[in-house]
Amino acid sequence: VQLQAFGGGSVQPGGSLSLSCAASGSIFSSNAMGWYRQAPGKQRELVADITSGGSTNYADSVKGRFTISRDTAKNTVYLQMNSLKPEDAAVYYCRMAQSMGGMNYVYWGQGTQVTVSS
């Protein structure tokens, strides 16, 4: 499986950005896609994820500001980020997790930089 992320960039506090990530390859019908982020000197953390069934999960720090969605037919996940704060600045990584035959598989996309500063 390959994951290719798009979007990111630089924005002022209060602004909006959107990310997308397209998966290709051997994708199972049941999977979860999501976004993680890693700021300098910090551990990578979950931002949001969404299952193939549409169930979503958000980090408390982004609830109400970020929205994750997916187009299952296109194997693409989106992250709409509104009301961005300086503490949202990080490298954002797309992730896919899927299971088959008792084996768990996790794939990461390349990171995309999000900068929030005035």
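Report follows, based on the coordinates. (Residues numbered from 1 in each chain as written. Predicted model: local features only at pLDDT ≥ 70, side-chain atom pairs only at ≥ 80, totals over all residues. Heavy atoms only, no water.)

**Observations regarding the nonpolar core**
The test is simple: Among buried residues, the Ala, Val, Leu, Ile, Met, Phe, Trp, Tyr and Cys ones that are joined through side-chain atoms within 4.5 Å form a nonpolar core. With a 1.4 Å probe rolled over the protein chains alone, any residue whose accessible area is under 20% of its type maximum counts as buried; one over 50% counts as exposed, and the rest are partly exposed. Helix and strand labels come from DSSP, where a helix needs a run of H or I of at least four residues and a strand needs a run of E of at least two; each type is numbered from the N terminus. Contact criterion: two residues are considered in contact whenever any of their non-hydrogen atoms come within 4.5 Å of each other.
Core analysis: the largest hydrophobic core is formed by 27 residues, its most contacted members being Trp-35, Leu-79, Met-81 and Tyr-92. When contributions to this core are tallied by element, the ones reaching two or more residues are strand E1 (2-7), strand E3 (17-24), strand E4 (31-38), strand E5 (45-51), strand E7 (66-71), strand E8 (76-81), strand E9 (90-100) and strand E11 (112-116). When neighbours within four sequence positions are excluded, Leu-79 is seen to be in contact with Leu-17, Ser-18, Leu-19, Trp-35, Val-47, Ala-48, Phe-66, Thr-67, Ile-68 and Tyr-92.

**Quick look at the packing of aromatic side chains**
What counts here: Two aromatic rings from Phe, Tyr or Trp, using only the six-membered ring of Trp, form a pair when their centres are within 6.5 Å; if the ring planes differ by under 30 degrees the pair is stacked, by over 60 it is edge-to-face, and anything between is tilted.
The tally for this structure, following the rule as stated, stands at three aromatic pairs. An angle of 75 degrees between the planes, with centres 6.2 Å apart, marks the rings of Phe-28 and Tyr-105 as edge-to-face. With Phe-28 in the loop between E3 and E4 and Tyr-105 in strand E10 (residues 103-108), this residue pair connects regions lying 77 residues apart in the sequence. Relative accessible area serves as the criterion here: at 21%, Phe-28 is assigned to the partly exposed category. Centre to centre, the rings of Tyr-36 and Trp-108 are 5.1 Å apart; their planes meet at 75 degrees, and the pair counts as edge-to-face.

**With respect to the pairing of E4**
To keep it simple, the criterion reads: Two strands form a pair only when DSSP identifies at least two bridges running between them.
Burial analysis of E4 places six of its eight residues in the buried class, which makes it a mostly covered element. For E4 and E9, the ladder comprises eight bridges, and the chain directions are antiparallel. For Arg-37, the partnering residue across the bridge sits in E9 and is Tyr-92. The sheet contact formed by E4 and E5 spans six bridges and is antiparallel. Across the sheet, residue Ala-32 finds its bridge partner in E5, namely Thr-51. The hairpin formed by E4 and E5 contains six residues between the paired strands, and Gly-41 there has a positive phi angle of roughly 75 degrees.

**Digging into the side chain of Asp-49**
What counts, and what does not: Under the convention used here, Asp and Glu are negative, Lys and Arg are positive, and both His and the chain ends fall outside the count. The salt bridge criterion pairs a side-chain nitrogen of Lys or Arg with a carboxyl oxygen of Asp or Glu, the two atoms within 4 Å.
Positionally, Asp-49 belongs in strand E5. Buried and unpaired, Asp-49 has Arg-95 as its nearest opposite-charge partner, separated by 5.4 Å. Sequence-distant contacts of Asp-49, defined by excluding residues within four places in its chain, comprise Met-33, Gly-34, Ser-55, Thr-56, Asn-57 and Ile-68.

**A word on the pattern of salt bridges**
If the charged atoms of two oppositely charged side chains come close together, the side chains can form a pair. Applying the stated criterion across every chain yields a total of four salt bridges. The closest approach of N and O atoms between Lys-63 and Asp-60, which form a salt bridge, is 3.1 Å. Using a relative accessible area of 64% as the deciding quantity, one classes Asp-60 as exposed. In this structure, Arg-65 engages Asp-88 in a salt bridge whose closest nitrogen and oxygen atoms are separated by 2.7 Å. In this pair, Arg-65 is assigned in the loop between strand E6 (56-58) and E7 and Asp-88 in the loop between E8 and E9, connecting sequence segments 23 residues apart. Each member of the pair, Arg-65 as well as Asp-88, is classed as buried. Residues joined in a network through salt bridges with shared partners are Arg-37, Glu-45, Arg-65 and Asp-88.

**Some points on the state of the cysteines**
Basically, it comes down to this: Any two cysteine sulfur atoms lying within 2.5 Å of each other are counted as a disulfide.
If you walk through the whole model with that rule in mind, you get one disulfide. In this model Cys-21 forms its disulfide with Cys-94; the gap between the sulfur atoms is 2.1 Å. Handedness here is read from the sign of the S-S torsion; for Cys-21 and Cys-94, about -85 degrees, the answer is left-handed. Placement of the pair is Cys-21 in strand E3 and Cys-94 in strand E9, with a sequence separation of 73 residues. The pair formed by Cys-21 and Cys-94 is uniform in burial state, with each residue classed as buried.

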